[in-house]
Amino acid sequence: MAPFDPTAWRPAHHRFFVAAPLLPGTTHQVDALAHQLAVVLRLNDGDTLHLFNGDGCEYLATLQHLTPRQATVAVLAARPALADPTFELTLFQCSLKQDKFDWVLQKGTELGVTRFCPVVSARSIVRPAAALHTKQSRWETIVREATEQCGRTQPPPIAAAVDWPPPPLPPGTAAFVAWEEADPTTLRLGDAVTARLSSPTTPFALLVGPEGGLLGREIEELLQAGWQPVSLGRRILRAETAAVAGLALMAERLDTRQRNTKG
Ligand code: SAM
């Protein structure tokens, strides 16, 4: 067992956002974190933690002076943030009841969604889109906390909710609409994603319907707009389950693309 190295990076490190340039060798007063560090987490001088400021790196730092009111950290090292997604993955989620939508935001952030687009479709219970705009700051808090927890350094943006139809896709986007009536043998999401992995820069999108599902004419409109219907298997999933299942599968395939292109 290697001796304990206090300057080693460890996934279990606590992670904190610090809005400052975090160059190795610099020290920073982070009194706003003092109570959480000293009282909640019961850390001590010399303990190490990860800091990030949204620049795509993460920083190893050590506590130099900690009381419940004051905290000074010294930055030891920097590295590219390993947990930040290396792909573009937009989730167009039709509005759901509040707790379900909150859950999709949290899990989608953990799974690597790089942009959320809330959409109000014909069967969305929570409507119209304007009624959702008051939830934006709460949603952003959910996403920011999930970003910190999972090791990402940049919270994915949440577009303002829109009423159907979803906004036009950027050219070249591989866009998939999860449709429970899609043929589960010939239109599986995994196969459809793999077929579009050849270009290392293709952006991806997934659209998941509301609790009551999408109308036939909504599916038709999506087909016209370049979306491809995909199946998530033979079982009818709750919308929030479909979102997480679809995103997990897409993120895994997209991470594989990144590894393959890195050689
Ligand atoms: N028609 C569904 C029913 O009979 O209960 C209602 C929609 S389902 C609860 C909610 C959403 O999850 C759908 O709009 C679809 O986007 C997605 N979904 C659920 N099961 C799916 C499956 N097996 N394949 C693809 N998408 C699915």
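Residues numbered from 1 in each chain as written. Predicted model: local features only at pLDDT ≥ 70, side-chain atom pairs only at ≥ 80, totals over all residues. Heavy atoms only, no water.

Trainee: Teacher, can you tell me more about the pairing of strand β9 (residues 174–178) here?
Mentor: Within a regular beta strand, the side chains point alternately toward one face of the sheet and then the other, so they alternate between its two faces. Along β9, five of the five residues are buried, which leaves the element largely enclosed by surrounding structure. Of the two faces of β9, the one holding A174, F176 and A178 and the one holding A175 and V177 are both buried throughout. Where β9 and strand β10 (residues 204–208) come together, four bridges link them in parallel fashion. Bridging across to β10, A175 finds its partner in A205. In terms of handedness, the path from β9 via helix α5 (residues 189–194) over to β10 forms a crossover that is right-handed. (Buried < 20%, exposed > 50% of the residue type's maximum accessible area, 1.4 Å probe, protein only. Helix = DSSP H or I, 4+ residues; strand = E, 2+ residues; numbered from the N terminus. Pairing = 2+ DSSP bridges. Right-handed = clockwise from strand over helix to strand, strands pointing away.)

Trainee: Honestly, the environment of A174 in this entry has me stumped. Any pointers?
Mentor: Relative to the helices and strands, A174 is located in strand β9. The class for A174 is buried, based on a relative accessible area of 0%. Along the backbone, A174 and G226 are 52 residues apart, and their C-alpha atoms lie at a distance of 8.5 Å.

Trainee: I keep staring at the site of the ligand and nothing clicks. Help me out?
Mentor: Around the ligand lies a shell of 19 residues, among which A178, E180, L232, R235 and L237 are the nearest. Between the ligand and the protein, one listed contact pairs a nitrogen atom with a side-chain N or O atom of E180 at 2.6 Å. For the ligand, whose unbound accessible area comes to 560 Å², protein coverage reaches 82%. Class assignment of the residues belonging to the shell around the ligand gives a composition of 11 nonpolar, five polar and three charged. (Near = heavy atom within 4 Å. Polar contact = N/O pair within 3.5 Å; in protein donor to acceptor, adjacent residues only side chain to side chain. Areas by Shrake-Rupley, 256 points an atom, 1.4 Å probe, with all protein chains shown as cover. Nonpolar A, V, L, I, M, F, W, Y, C, P; charged D, E, K, R; others polar.)

Function cannot be read off these values alone, since they describe shape.
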